[in-house]
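# Topology and contacts: notes
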There are 2 protein chains.
Amino acid sequence: MQAPLKTGELARAAGVNVETIRFYERKGLLPEPPRRSSGYREYPIGAVRRIRFIQRAKSLGFTLREIKGLLELRVDPDTTCDVVRERATEKIADVRQKIADLRKIEKALRKLTDSCSGNGPKETCPILVHLETFQESSL
Amino acid sequence: MQAPLKTGELARAAGVNVETIRFYERKGLLPEPPRRSSGYREYPIGAVRRIRFIQRAKSLGFTLREIKGLLELRVDPDTTCDVVRERATEKIADVRQKIADLRKIEKALRKLTDSCSGNGPKETCPILVHLETFQESSL
DNA sequence: CTTGACCCCGTACCTAGGTACGGGTTTTAT
DNA sequence: ATAAAACCCGTACCTAGGTACGGGGTCAAG
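Residues numbered from 1 in each chain as written. Chains lettered and ligands numbered in written order. Predicted model: local features only at pLDDT ≥ 70, side-chain atom pairs only at ≥ 80, totals over all residues. Heavy atoms only, no water.

### What about empty space enclosed by the protein?
Here is the rule: Definitions used for this entry: grid spacing 1 Å over protein atoms alone; cavity, a set of points where a 1.4 Å probe fits but cannot get out; pocket, an open set with protein on both sides within 12 Å along at least 5 of 7 lines; lining residue, one with an atom within 4 Å of a point. Grid points are joined across faces, edges and corners, and a volume is the space filled by probe spheres set on the points. Secondary structure elements follow DSSP: runs of H or I of four or more residues count as helices, runs of E of two or more count as strands, with numbering from the N terminus. Only Asp, Glu, Lys and Arg are considered charged in this grouping, and only Ala, Val, Leu, Ile, Met, Phe, Trp, Tyr, Cys and Pro are considered nonpolar; every other residue, Gly among them, is considered polar.
As enumerated under the stated definition, the model contains 2 cavities of 30 Å³ or more in all. By volume, the second largest cavity is sized at about 30 Å³. If you go around the second largest cavity, the residues you meet are Phe62(A), Leu70(A), Val84(A), Ala88(A), Leu109(B), Leu112(B), Ile127(B) and Leu131(B). Residue assignment for the lining of the second largest cavity shows that the elements contributing at least two residues are α5 (81-115) of chain A together with α5 (81-114) and α6 (126-132) of chain B. Broken down by class, the residue content of the lining of the second largest cavity amounts to 8 nonpolar, no polar and no charged.

### Some points on the protein's contact with DNA strand C
We apply this condition: If even one non-hydrogen atom of a residue comes within 4 Å of a molecule or strand, that residue is called near it. Polar contacts here mean pairs of N or O atoms no more than 3.5 Å apart (in protein, one a potential hydrogen donor and the other a potential acceptor; neighbouring residues in sequence count only if both atoms are side-chain atoms).
Among the 22 residues in the neighbourhood of DNA strand C, the closest are listed as Arg35(A), Arg41(A), Thr20(B), Tyr24(B) and Ser38(B). When the atoms of DNA strand C within 4 Å of the protein are grouped by moiety, sugar and phosphate amount to 73% of the total. Here Thr20(B) contributes a side-chain N or O atom positioned 2.4 Å from a phosphate oxygen of DNA strand C. Interatomic distance of 3.2 Å between a backbone N/O atom of Leu64(B) and a phosphate oxygen of DNA strand C. Where the surface near DNA strand C is concerned, the elements lending two or more residues are α1 (7-14) of chain A together with α2 (18-26) and α4 (64-75) of chain B. Ranked by residue count, the leading element in the surface near DNA strand C is α2(B), at 5 residues. Classifying every residue of the surface near DNA strand C by side-chain character gives 5 nonpolar, 7 polar and 10 charged.

Here it is in structure tokens:
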């Protein structure tokens, strides 16, 4: 029989805030569920999995917009494994780019801290001097 | 004599939007400049360097809040090189943490795409299956 | 049958870092 | 002298991903 879930029950079951559920509905990540005559939402138990799907995809760095796309792929009968794989591959490229950007920043910062003994007055601090001095961005 | 700059001139000289200058002023990153009797702001030429400082610090991953702190350090007579170095070191730790997080994500995504041949129907796609299946977060 | 917990909705608020708009002065160039 | 350009201010808007609030209806236990 598996009784339908009320919003709060779904939220607890999925480990998210009630408001988050309504937010996802507004964003099109959760389909509008049937309503009781009183207006109360009635979620099928499967909704828990859908929310967990969203949370897991989020933890892999997908944005809600992208997750919406993944969820649509899941429903589309023409979707092949291939398309899904492609999304994941794109996301890897994304993540790698972010890592590369951060590494450049790390390197630049390291160069600065290495050049700074930590002694002496701020007037000669290589870090401040760097920030104060005109130069083509090293990044 | 070095004539003071009007807001638009400062913006052009520093390569930012006029609105950005007013925004920085509201945020306390730029001190309120003297005004002409008409209300027009009159910036000393040094303001250009201050804005460039902000832009460079931004490119090193500092937030505006942190940059405000750096600018205050610069003015504080008690600041030593040491304190500045510490800020940069903290930021490196920050950046490294972000890189580590992204690497975990990359690894998880790579594991998924590696496990997916790209052939076959979505029903058996290891990526979707992973997202759909309950499991302790691997991240 | 009442009371408290839960649900509804719309809207506002939050962080970060700006950008844009609109209506009213002032400056500047012709 | 007049018109365009630049400036002023306050406020609203933007992305992302929610969280919070307030007023009102509903549901279930005692």
